[in-house]
Amino acid sequence: MWENVLQGLSNFANIYNLLAIGGGMLMGVVVGAIPGLTGTMAVALALPFTFYMDPITGIILLVGIYKGAIYGGSISAILIKTPGTPAAACTVMDGYPLAQKGQARKALDMALYASCVADFFSNISLIFFAGFIASFALRFGPPEFFLLICFSLTIIAGVAGKSLIKGLISAALGLLLATVGMDLVYGSDRLTFDNPDLMGGLNFIPVLIGLFALPELIDAAVRGVTGGKSDLHRLDGGGLTRGEFMHSLKSILRGSFIGVALGAIPGIGGAPAAFMSYSEAKRGSKHPENFGHGELEGVAASEAGNNGCCGATMIPLLALGVPGDVITAVILGAFMVHNLTPGPMLFQQHLPLVYAIFVGIMLSSLMMLVMGKLSIRGFAKIADVPKQILFPVVLVLCFFGSYAVNNSMFDVLAAVFMGVLGYFMLRLGIPEAPFLIAFILGPMFEDNLRRSLLLSAGSPVIFFRSGICIFFLGLTVLSIFLLVRRSVKQRRQRSTTCDPESVTG
Amino acid sequence: MKGKRFVVVIFAALAAVALLGGIAFAEYPTKPVTLVAPYGPGGASDLAARSLAAVAPSYVKEPVVVVNRTGAGGVVGSAVVARSKPNGYTLLLSRVGCNGVAPAINMKTPYTWDGFTFLGLLELNPVVYVVQSTSPFKSLKEAVEAIKKSPGKYSYSTSGPTTILNMGFQKLLADADLPSSAVKMVPYKGGGGAKTALLGGHVDFLCINLSTVIDQIQAGKLRALAVTTPERFPMIPEVPTVKEAGFPDLDVIIGWSGLWGPPKLPANVVNVWTEALQQVAKDKTWLKMTKSLGSLPYIKSPEETKAFVKKQFTVYRQLGEKLGLVIK
């Protein structure tokens, strides 16, 4: 064991590997921070270069880009209300209000620290519990998956805002648009209008850009931009204090755990983890009403959730050879090109190599802190750019980003369509978050329901087949019960407090 | 008289332009070539595209840029190339799924199997029939017997109805004279999900690209019942071929990648690529990359390629019609 660790250390210890992890991280943060340039794209672009590198250097470079991009997504989410990566969509909800209050620096710091802590935990669990977690994750078949998603869907109510009806309208719209594309079981078309561009369904990034960034810009255009400098984003609020960090530590740790758990199950990814961590933080908070209006803890929870996934998505990849998301699929490709196949044999045949990669991964948490600090300094200058210049630039980035995902003009049109829809939602006070959650989880919900029923030939008994099923079934019921109780309580409080007010007011 | 001379001059000028144009065209390529990979990064097709793009510039003298145009199981990317200008600057990394199975099964596919210019076949990806190592089935025959005895009891995972993963298993059932409903099909959104379902014991069978599962086979987690190559595959020498396993017709179930262009590609472009591919076939880097991905290098001329794809198309069309899978 120890000789393998030492061998791994000595394999790792060269300047190229350090450069790879640092350079990859910086590249990832920058790419992640630019809306539409996703980590997937950066990793895919870097992949051919790794063909000519030592396998350790190549893989560490890709891992650095991956982690950097997931963190980097929070920067633009906070500063310009456009999540750089889908996983950062949840960070927008409190990050942008904080920026509007002039506390962008605090929010950026919190996002960085939360990301680093979660990343560290994620790496630890990858290194020490990979085999155990992977075999546990394998027990998630279609019915277990379905009930997990059911539980996750109850968080929609948690982020629905003031009106549950408006939240449900938003979620229904998200579900509707998520059904576009080819049917999974029969291969027939749904809502595609015989347009081949729609056959693959709506792309995630244009929907995201359209939903978050464009409505803000349309709103600015309609109302007219006033003032020279954007007084909204001034950074005089100062950095994060130790007390503020400690206050959110519980949420960060909880988020890291949620991130690890969801990241280890192939096919879920960072966005649902961030939302779940966020809603749990809200539920656990003494001031849940502050969430969505600029609560530091919300940024912390969301970023801990999505970065907690990063190390954990490597668990199914390394232990089983199953990529949990698109980026790890590309990293799998990098392994294959070097004639290495991730999976149980990798640990038997190439243990020093695995340890060398682990050393690099551990180092990446530290590197994230360094590169994050550097780039916050750079990106924070965005806040000094006058709106008249900033907004058009953001608009160009939005269109470019939509196009670049798949090199398709159709995606730009989709972003514009979503932008108009998002603008009306903004004006009518319909929250975006339920739309997004439904759009992400809807297909998982449907696919796993149908898979389960295919397996059981239509019998619902399959949803009680295992301990995991019962566990999530119980959580779902509990979650709904708590929601109902809370809203009843609130209504009662309102009715008792409102009456005298209405007399005096 | 003057007018006539004017007309002559105009014609001469036009002829010169046409000629120059012709010469300019003969110098292909003069700028980077875009290679559309119709599936997402990291998959077999993407890696095939990137391996080709890594070595082809030495032989065509211009960079080859891989662009992923994903969606609808490769149909979106293929459709983009089918509609693009036939100037040789937009080519397609074709795949069995979107260029063989889809046009055979789904009539709504916006192109036909031969609605392209064939430049060459690149590689074959052997397909294996696998079960968990704890499964009681030691051979394909045993599995088929068990299915016959209790239809509807067992299940298999796929990456969707019109994919080689599904057609491969359906062909096995058809060759064993079993109805397509004898085993439950559980579709996933990719080969990775289908593989996880088998590893977790949520389904009983899987028919999939060898490269996806070779590690688990070697580690003894999964048992391969048969491989669809004509001869035993060197990386898994103990696994019988489909012929040895008693189902000789299953050898048509095999993955492939090729290089296609839009229809009516000029002859000089075709020549440039045919010659370049002959060089690629001998390129050590390309051979090494392709083999390390678990594929068989299989570079063929445009004519051989067309014959090969036609045969593939016919197999899937007949199978689709027999099973009632054709989407009108």
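Residues numbered from 1 in each chain as written. Chains lettered and ligands numbered in written order. Predicted model: local features only at pLDDT ≥ 70, side-chain atom pairs only at ≥ 80, totals over all residues. Heavy atoms only, no water.

(A) Region of the structure containing the packing of helix H4 (residues 55-80) of chain A against helix H14 (residues 296-320) of chain A. All names here are of chain A. It is at 10 Å that the axes of H4 and H14 come closest, and there the two elements cross at 165°. Between H4 and H14, the angle is such that the two are roughly antiparallel. Where H4 crosses over H14, the handedness of that crossing is right-handed. Contact residues: Val63, Tyr66, Lys67, Ile70, Tyr71, Ser74 and Ile78 in H4; Val299, Glu303, Asn306, Asn307, Cys310, Gly311, Thr313 and Met314 in H14. Here the residues of the contact of H4 with H14 sort into 8 nonpolar, 5 polar and 2 charged. (Axes fitted to C-alpha atoms, helices over the stretch in contact; angles between N-to-C directions. Helix = DSSP H or I, 4+ residues; strand = E, 2+ residues; numbered from the N terminus. Parallel < 35°, antiparallel > 145°, perpendicular 65-115°, else oblique. Left-handed = near helix turned anticlockwise from the far one by under 90°. Contact = heavy atoms within 4.5 Å. Nonpolar A, V, L, I, M, F, W, Y, C, P; charged D, E, K, R; others polar.)

(B) Representation of the domain arrangement of chain B within the structure. Residue and element names in this part refer to chain B. Each assigned domain of chain B is listed with its residue range as follows: domain 1 (31-125 + 254-323) and domain 2 (127-252). The straight-line distance from the C-alpha centre of domain 1 to that of domain 2 is 26 Å. In this complex, domain 1 contributes 19 residues to the contact, which on the side of domain 2 involves 17 residues. With both sides pooled, the region where domain 1 packs onto domain 2 buries about 1,600 Å², and carbon together with sulfur makes up 71% of that total. Between domain 1 and domain 2 we count 0 salt bridges in total. In this assembly, domain 1 and domain 2 are joined by 2 residue pairs in polar contact (both at pLDDT 80 or more). For the side of domain 1 that touches domain 2, the elements supplying multiple residues, two or more each, are helix H5 (96-105) and helix H12 (302-323). The greatest single-element share of the side of domain 1 that touches domain 2, amounting to 8 residues, is contributed by H12. Tallied by class, residues from the side of domain 1 that touches domain 2 come to 10 nonpolar, 6 polar and 3 charged. (Domains from an automatic or database assignment. Buried area = accessible area lost by both parts, 1.4 Å probe. Salt bridge = Lys/Arg side-chain N within 4 Å of Asp/Glu carboxyl O. Polar contact = N/O pair within 3.5 Å; in protein donor to acceptor, adjacent residues only side chain to side chain.)

(C) Molecular detail of the interface of chain A and chain B. Opposite the 50 residues of chain A that make contact, chain B presents 46 residues. With both sides pooled, the region where chain A packs onto chain B buries about 3,900 Å², and carbon together with sulfur makes up 62% of that total. Considering only the surface of chain A that becomes buried against chain B, A:Leu138, A:Asn406 and A:Leu455 emerge as the three largest contributors, covering 14% of it. Between B:Lys189 and A:Asp447 there is a salt bridge; the shortest N-O distance is 2.8 Å. Elements with a minimum of two residues in the side of chain A that touches chain B: helix H3 (39-50), helix H7 (142-153), helix H10 (196-199), helix H15 (326-337), helix H16 (344-349) and helix H20 (433-455) of chain A. At 6 residues, H15(A) tops the list of elements feeding residues into the side of chain A that touches chain B. Among the residues forming the side of chain A that touches chain B, the class breakdown is 29 nonpolar, 13 polar and 8 charged.

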